[in-house]
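Understanding the architecture of this molecule
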Amino acid sequence: MLYTSTRDNSIRVTAAQAIAQGISEEGGLFVPVEMPQFSMDKISSMVSMSYIDRAKTVLKEFLTDFTEEELNYCVEGAYAAEKFSSSKIAPTVNVCGNKNILELWHGPTCAFKDMALQLLPYLMTVSAKKTADGKTIVILVATSGDTGKAALEGFKNVENTKILVFYPVDGVSPMQKLQMTTQEGDNVAVCAINGNFDDAQSAVKSIFTNAQIKAQLAEKNMMFSSANSINWGRLVPQIVYYFSTYCDMLDMGKINPGEEINVVVPTGNFGNILAGYYAKQMGLPIKTLVCASNSNNVLTDFLKTGTYDRNRAFYTTTSPSMDILISSNLERLLYHMSGEDDKLISDLMNKLSAEGKYTVSDELIAKIQKTFDAGYTSEENVDATIKSHFDEYNYLCDTHTAVAVKVYDEYVKSTGDDIPAVIDSTASPYKFSASVLDAVTGGNKPELDEFEMVDELNRVTGADVPKPLASLKDKEVRFTDVCDKEDMSQMVFKLLNL
Ligand SMILES: *Cc1c(COP(=O)(O)O)cnc(C)c1O
């Protein structure tokens, strides 16, 4: 299996090169040149497997340059039982009728990012051994919350790696901040910056591309890499859970072999839903992929009209991980759907960075609409959805999941398409305790600190508190550095002891 770039499809690299490098030199994203095919017999044979064996079965088709021993080492390390609060790793839960929820937040940081970021460090260190002759990989992350913590937890104490995370000093939730500042591990560092997420992100990008800094790192046998979802190594682990949920639906007797399902995804950077598209292309019987957004509905508009326009107001919502106006992974979908037209993709992406918008042909958007539907919802609906699902079905979901549940309900209402469906649940409700408690109490949340809020949500709902969040209360704060965005590169040197 080889990989090419969305902006130059004459390029060919191995999986290890794609993962170690992160992004192609000319700015394109790495994509597989062909799609492995899974017959229904093969899918049925995965029903009796553990999550780890399902993962090996899917991943070995994409990581053909990894030996069996390497793949076993990676997958068994990533999804080890003690790291996940569910023995199924990503369980599928029936809410009612054909409405099922795929819980992707049982990992160590209680958000779906763990599904990929537990595996990525393994894939990256094995890839670096193959392609980067033993250099220490320095992962730089700018985060608005979930990615930073999941990356820290994934890379902590991983040999030959260091990880530095920058977060906006006032831009993350109290729980997210504590998760990061109490991070354990010998190769980790965390720093707040005076600025917002965009400031952190821009500074990180300029450090990445600074030739002088790169040279100084190279002298010490170090190189930068990236842990965000432009990296193929973060996308490929996500394909697995679509196969896994289909197997669990078969196992639960919710579907028969070959029967189609719909999939609904609360979307930000378009990574999660794109993994669902890859699963469909591989032969998994998915009918429609429904892209769910909050008030930042740039993707809804694109999927309905063919025009992507980021020139619009940015809303801060109660589902912050979906507050995003540039969805990087859409580039990969456009590449595949346009018949691998790298010139078109370069053109569209240049337009996006110059004018903030582009429009695709009627033919192309019509083709995309055969597989994708989209919807968005407002904050009041999110609260009402959390409350109604808790009251009616005793199912507690977080704010991001609630966006998807509401968009799915509207989808069924307007299309009548109520075949068995899986809705991705991307975070534990306890990661957003204040919003969730406010929703279930009908807006009557008491004034409490973060941990009292967790206890109160537990008292009101009876839902289990994830151990990794409960235990934060007793952890020592290790990182208190705050710097200005102009000083971030100096901070990188300081944190790396250069
Ligand atoms: C990152 C994230 C999303 C968005 O996922 P994408 O793959 O970026 O579309 C949704 N919900 C939560 C809780 C997240 O952390």
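Conventions we followed
- Residues numbered from 1 in each chain as written.
- Predicted model: local features only at pLDDT ≥ 70, side-chain atom pairs only at ≥ 80, totals over all residues.
- Heavy atoms only, no water.
- Helix = DSSP H or I, 4+ residues; strand = E, 2+ residues; numbered from the N terminus.
- Rg over C-alpha atoms; globule rule 2.2 N^0.38 Å.
- Contact = heavy atoms within 4.5 Å.
- Areas by Shrake-Rupley, 256 points an atom, 1.4 Å probe, with all protein chains shown as cover.
- Lys, Arg positive; Asp, Glu negative; His and termini not counted.
- Charge placed at Lys NZ, Arg CZ, Asp CG, Glu CD.
- Disulfide = S-S within 2.5 Å.
- Buried < 20%, exposed > 50% of the residue type's maximum accessible area, 1.4 Å probe, protein only.
- Near = heavy atom within 4 Å.
- Polar contact = N/O pair within 3.5 Å; in protein donor to acceptor, adjacent residues only side chain to side chain.
- Nonpolar A, V, L, I, M, F, W, Y, C, P; charged D, E, K, R; others polar.
- Core = buried A, V, L, I, M, F, W, Y, C linked by side-chain atoms within 4.5 Å.
- Pairing = 2+ DSSP bridges.
- Axes fitted to C-alpha atoms, helices over the stretch in contact; angles between N-to-C directions.
- Salt bridge = Lys/Arg side-chain N within 4 Å of Asp/Glu carboxyl O.
- Phe/Tyr/Trp six-rings, centres within 6.5 Å; stacked < 30°, edge-to-face > 60°.
- Lys NZ or Arg CZ within 6 Å of the ring centre and 35° of its normal.

1. Remarks on the overall build of the protein
- Along the backbone of the protein there are 22 helices and 16 strands.
- For 498 residues, the compact-globule formula gives about 23 Å, and the C-alpha radius of gyration of the protein, at 21 Å, lands near that figure.
- In terms of principal-axis extent, the alpha carbons of the protein reach across some 60 × 55 × 50 Å.
- At a minimum sequence separation of 6, the contacts of the protein that also span at least 24 residues come to 74%.
- As displayed, the protein has an accessible area near 19200 Å², and 46% of this comes from carbon and sulfur atoms.
- Of the charged side chains in the protein, 45 are positive and 66 negative; the average position of the first set lies 2 Å away from that of the second.

2. Regarding the state of the cysteines
- Summed over all chains, the structure comprises zero disulfides.
- As a non-bridged cysteine, cysteine 110 has cysteine 397 as the owner of its nearest cysteine sulfur, 16 Å distant.
- Overall, cysteine 110 belongs to the buried group, its relative accessible area being 1%.
- Its sulfur unpaired, cysteine 191 is 3.9 Å from the next cysteine sulfur, which belongs to cysteine 483.
- The class for cysteine 191 is buried, based on a relative accessible area of 1%.

3. Observations concerning the site of the ligand
- If you check the shell around the ligand, you find 15 residues, and the closest are Lys113, Asp146, Gly268, Asn269 and Thr426.
- The backbone of asparagine 269 places a nitrogen or oxygen atom 2.7 Å from an oxygen atom of the ligand.
- Relative to its free-state accessible area of 390 Å², the ligand is covered by the protein chains to the extent of 96%.
- The class makeup of the residues in the shell around the ligand is five nonpolar, eight polar and two charged.

4. Considerations on the nonpolar core
- By size, the foremost hydrophobic cluster in this structure holds 133 residues, and its most contacted members are Tyr79, Ile239 and Leu334.
- Here this core gets 12 residues from one element, more than from any other, and that element is helix α11 (residues 232-251).
- Sequence-distant contacts of leucine 334, defined by excluding residues within four places in its chain, comprise Phe302, Ile345, Leu348, Met349, Tyr358, Val360, Leu364 and Ile368.
- Counting residues in each nonpolar core, the second largest holds 34 residues, with Cys110, Ala292, Val382 and Leu437 among its members.

5. Remarks on the sheet that holds strand β11 (residues 286-293)
- Here six strands make up an open sheet; going across it, the order is β4-β5-β15-β10-β11-β14 and the pairing mixed. The open sheet is flanked by β4 (92-96) and β14 (372-376), the only strands paired with a single partner. Strand after strand, the sheet turns through a mean of 25° between neighbouring axes, direction not considered.
- As paired elements, strand β10 (residues 261-266) and strand β15 (residues 421-425) share three bridges and run parallel to each other. Residue pairing for β15: asparagine 262 is matched across the bridge by alanine 421.

6. A few points about the environment of proline 32
- Residue position: proline 32 is located in strand β3 (residues 30-32).
- A relative accessible area of 4% means that proline 32 is categorised as buried.
- Put simply, proline 32 and aspartate 198 are 166 residues apart on the chain and 30 Å apart in space, counted from C-alpha to C-alpha.

7. Description of the pairing of strand β6 (residues 136-142)
- Within β6, seven of the seven residues are buried, which leaves it mostly tucked inside the rest of the structure.
- Residues of β6 alternate between two faces, with Thr136, Val138, Leu140 and Ala142 on one and Ile137, Ile139 and Val141 on the opposite face, all of them buried.
- Alignment of β6 against strand β9 (residues 222-225), held across four bridges, turns out to be parallel. Note on β9: the bridge partner recorded for threonine 136 is methionine 222.

8. Some remarks on the pattern of salt bridges
- Tallied over the entire structure, the rule returns 22 salt bridges.
- Linking lysine 56 and glutamate 76 is a salt bridge whose minimum nitrogen-to-oxygen distance equals 2.5 Å. Highlighted residues: lysine 56 in helix α3 (residues 51-62) and glutamate 76 in helix α4 (residues 68-78), separated in sequence by 20 residues.
- You can call glutamate 76 partly exposed: its relative accessible area is 40%.
- Note that glutamate 410 is salt-bridged to lysine 406, the shortest N-O span being 3.2 Å. On the criterion of helical spacing, the pair formed by glutamate 410 and lysine 406 is a turn pair, its members being four residues apart in helix α18 (residues 399-415).
- Note on glutamate 410: relative accessible area 35%, which makes it partly exposed.

9. With respect to the packing of aromatic side chains
- Applying the stated rule across the entire model yields 14 aromatic pairs.
- Pairing phenylalanine 38 with phenylalanine 243 gives two aromatic rings, centres 5.0 Å apart and planes at 50°, and the pair type is tilted. Within this pair, whereas phenylalanine 38 is found in the loop between β3 and α2 (40-45), its partner phenylalanine 243 is found in helix α11, the two being separated by 205 residues in sequence.
- Between tyrosine 277 and phenylalanine 372, the ring centres sit 5.9 Å apart and the planes meet at 35°, which makes this aromatic pair tilted. Here the residue tyrosine 277 occupies a position in helix α12 (residues 271-281), and phenylalanine 372 occupies one in strand β14, the gap between them amounting to 95 residues.
- Ring-pair connections join several aromatic residues into one group, and the members of that group are Tyr3, Phe62, Trp232, Phe270, Tyr277, Tyr278 and Phe372.
- One residue, lysine 42, lies across the ring of phenylalanine 38, its end atom 4.4 Å from the ring centre.
- One cation-aromatic arrangement involves lysine 130 over phenylalanine 66; the distance from NZ or CZ to the ring centre is 5.5 Å.

10. Brief notes about the side chain of asparagine 272
- Mapped onto the elements of the fold, asparagine 272 is located in helix α12.
- A relative accessible area of 6% places asparagine 272 in the buried class.
- Aside from chain neighbours lying at most four places away, what touches asparagine 272 is Leu104, Phe112, Gln238, Tyr241, Tyr242, Val265, Asp424 and Thr426.

11. What to know about unusual backbone geometry
- The backbone of cysteine 110 sits at a positive phi, close to 65°, despite the residue not being glycine.
- Within the secondary structure layout, cysteine 110 lies in the loop between β5 (99-103) and α5 (113-117).
- The phi angle at glutamate 340 is positive, at roughly 60°, despite the residue not being glycine.
- Tracing the backbone through its elements, the reader meets glutamate 340 in the loop between α14 (330-337) and α15 (342-355).

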